[in-house]
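The primary structure of each chain is shown beneath.
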Amino acid sequence: MPNALITAVGGYVSDKILSNSDLEKIMDTNDEWITTRTGIKERRVLPEDQAVSDIGLNVVQQLLAKSNSRAEEVDLLICATCTGDYIIPDTANNICYKSGLVNAFGFDLNAACSGFVFALYTAAQFIETGRYKKVIVIGGEKMTSYMNYEDRTTSILFGDGGGGVMLEAGEEYGVIDAILKGDGIGCQMLKVEAGGSLKPMNQERLDNREGFVTQDGRQIYKRAVNGMSSTVVEVLERNNLTAQDIRWLVPHQANERIINSVANSIDFPMEKVMLNIAKYGNTSAGTIPLCLWEYEDQLNKGDNVILTSFGGGFTWGSLYLKWAY
Ligand code: ACO
């Protein structure tokens, strides 16, 4: 059975910055509160005429160049997102079209902030069958489209951006194991109320600002720490590893305090934890590939890496891989 190896990583954010001091001008908040409660200093905002497929296009171009692949060789593209360009069609198809991936099929995967981890493990299964040789996984979001900037409890957290990886069939170890979980408990605790099939958008819902993300921040906080910590421990144990054996922990970037608590609870030194939330905030399915992209120079062949995430639904899990280059 072939293994699924990451052979390239890419990332994309726009140049436009929304800083804490910018937010101070439009809502009752301040840099000190946001920094101490979340670790976020600024986020990126995609221009109005760009969407998740533009993140995907940029990332695919990087991945093709870095992995010496031709567009025609790519078999499949999975796009993890909950803020795709349209409800119909899916964004993966659009990315394939824009990037000239003429022989690839594509589909979106929505597991909110856990989307990239779920998509990466899904993609690895396609490679492991032996039928697919090159699969691209994108995780990207335009979260600012769903932010109510009159709601200071949520809108300060999120930004736009994302990244992705090229997965290729190989002999050496790549994606090794994952523990993925979900429950429906989170449905009422983190959502966009209207705009789906249950509550299609109408004028009344628009006026009530039901097209934006709302959340129960405290509940999510506790469950995120538990969910990420427990699945990291489970995946370590199942593979006879301890925290000492792991070179990098790559946590979903929701809140720096959540990340610190996860690291603390599993005895993981922060020097081995990827962290970039200060610059980008929470880009949902985009955070983990953005971390891999930024830390690429510090990753070495054979490094044991654990990705861990928690998101709406709730969805959560941890994935163990060996870095392949
Ligand atoms: N600026 C200033 N004050 C604020 C702000 C703000 N932006 N937001 C809330 N406050 C106030 C509140 O009104 C409250 O005031 P009060 O005491 O007078 O009532 C006070 O600050 C404390 O509010 P809490 O909600 O208790 O603050 P907390 O420390 O829990 O932090 C936060 C809130 C940052 C949302 C935190 O709960 C959190 O990060 N939760 C996780 C949410 C999350 O990550 N969601 C993303 C999606 S899921 C995921 O990615 C894992």
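Residues numbered from 1 in each chain as written. Predicted model: local features only at pLDDT ≥ 70, side-chain atom pairs only at ≥ 80, totals over all residues. Heavy atoms only, no water.

Some details on the environment of F212
Here is step 1 of the chain: Structurally, the position occupied by F212 is in the loop between α6 (203–207) and β10 (213–215).
Here is step 2 of the chain: Taking C-alpha positions, F212 is 9.4 Å from G195, a pair spaced 17 residues apart along the chain. (Helix = DSSP H or I, 4+ residues; strand = E, 2+ residues; numbered from the N terminus.)

Focus: the side chain of T315
Here is step 1 of the chain: Here T315 lies in strand β13 (residues 315–322).
Here is step 2 of the chain: A distance of 3.2 Å separates a polar atom in the side chain of T315 from the backbone oxygen of G312.
Here is step 3 of the chain: Not counting chain neighbours up to four residues away, the residues in contact with T315 comprise A111, S114, F118, K181, G182, S309 and F310. (Polar contact = N/O pair within 3.5 Å; in protein donor to acceptor, adjacent residues only side chain to side chain. Contact = heavy atoms within 4.5 Å.)

So, the layout of surface pockets
Here is step 1 of the chain: Taken as a whole, the largest pocket holds about 1,200 Å³ of empty space.
Here is step 2 of the chain: Around the largest pocket sit 41 residues that line it, and C82, N110, Y146, K191 and V192 are the ones nearest its centre.
Here is step 3 of the chain: Looking at the lining of the largest pocket, the element that brings in the most residues is strand β9 (residues 190–192), giving three residues.
Here is step 4 of the chain: The class makeup of the residues in the lining of the largest pocket is 18 nonpolar, 16 polar and seven charged.
Here is step 5 of the chain: Each of domain 1 (3–172) and domain 2 (177–276 + 287–322) accounts for three or more of the residues forming the lining of the largest pocket.
Here is step 6 of the chain: In terms of lining residues, the second largest pocket is bounded by 31 residues, among which T153, Q215, G217, R218 and N255 are the most central.
Here is step 7 of the chain: Contributing elements (two or more residues each) for the lining of the second largest pocket: α2 (31–38), α7 (217–238), α8 (256–265) and β12 (304–311).
Here is step 8 of the chain: In terms of residues, the lining of the second largest pocket owes the most to one element, α7, which gives six residues.
Here is step 9 of the chain: Considering only residue class, the lining of the second largest pocket consists of 13 nonpolar, 12 polar and six charged.
Here is step 10 of the chain: Shared between two domains, the lining of the second largest pocket takes at least three residues from each, and those domains are domain 1 (3–172) and domain 2 (177–276 + 287–322). (1 Å grid on protein atoms, 1.4 Å probe; cavity = no way out; pocket = protein on both sides within 12 Å on 5 of 7 lines; lining within 4 Å. Points joined across faces, edges and corners; volume = space filled by probe spheres on them. Nonpolar A, V, L, I, M, F, W, Y, C, P; charged D, E, K, R; others polar. Domains from an automatic or database assignment.)

Points about the pattern of salt bridges
Here is step 1 of the chain: Counted under the stated rule, the structure contains 16 salt bridges.
Here is step 2 of the chain: The closest approach of N and O atoms between K66 and E296, which form a salt bridge, is 2.8 Å. Remark: E296 occurs in the loop between α10 (287–294) and β12 and K66 occurs in helix α3 (residues 52–66); sequence separation between them is 230 residues.
Here is step 3 of the chain: Of the residues examined, K66 reaches a relative accessible area of 38% and is grouped as partly exposed.
Here is step 4 of the chain: With its nearest N and O atoms 3.2 Å apart, the salt bridge here joins K301 to E172. Of this pair, K301 sits in the loop between α10 and β12 while E172 sits in the loop between β7 (160–170) and β8 (175–182), and the two are 129 residues apart along the sequence.
Here is step 5 of the chain: Its relative accessible area of 45% is what places E172 among the partly exposed residues.
Here is step 6 of the chain: Look at the salt bridges and you will find they share partners, linking R70, E72, E73, K134 and E168 into a network. (Salt bridge = Lys/Arg side-chain N within 4 Å of Asp/Glu carboxyl O. Buried < 20%, exposed > 50% of the residue type's maximum accessible area, 1.4 Å probe, protein only.)

A look at the site of the ligand
Here is step 1 of the chain: In the vicinity of the ligand lie 23 residues, with T29, R37, Q215, R218 and N255 positioned nearest.
Here is step 2 of the chain: The separation between a nitrogen atom of the ligand and a polar main-chain atom of R152 is 3.0 Å.
Here is step 3 of the chain: Separating an oxygen atom of the ligand from a side-chain N or O atom of N255 is a distance of 2.8 Å.
Here is step 4 of the chain: When the free accessible area of the ligand is taken as 1,000 Å², the share hidden by the protein chains comes to 77%.
Here is step 5 of the chain: In this structure, the ligand is accommodated by the second largest pocket.
Here is step 6 of the chain: Contributing elements (two or more residues each) for the shell around the ligand: α2 and α7.
Here is step 7 of the chain: Per-element tally for the shell around the ligand: the top contributor is α7, with four residues. (Near = heavy atom within 4 Å. Areas by Shrake-Rupley, 256 points an atom, 1.4 Å probe, with all protein chains shown as cover. Sits in = over half its atoms within 2 Å of the grid points.)

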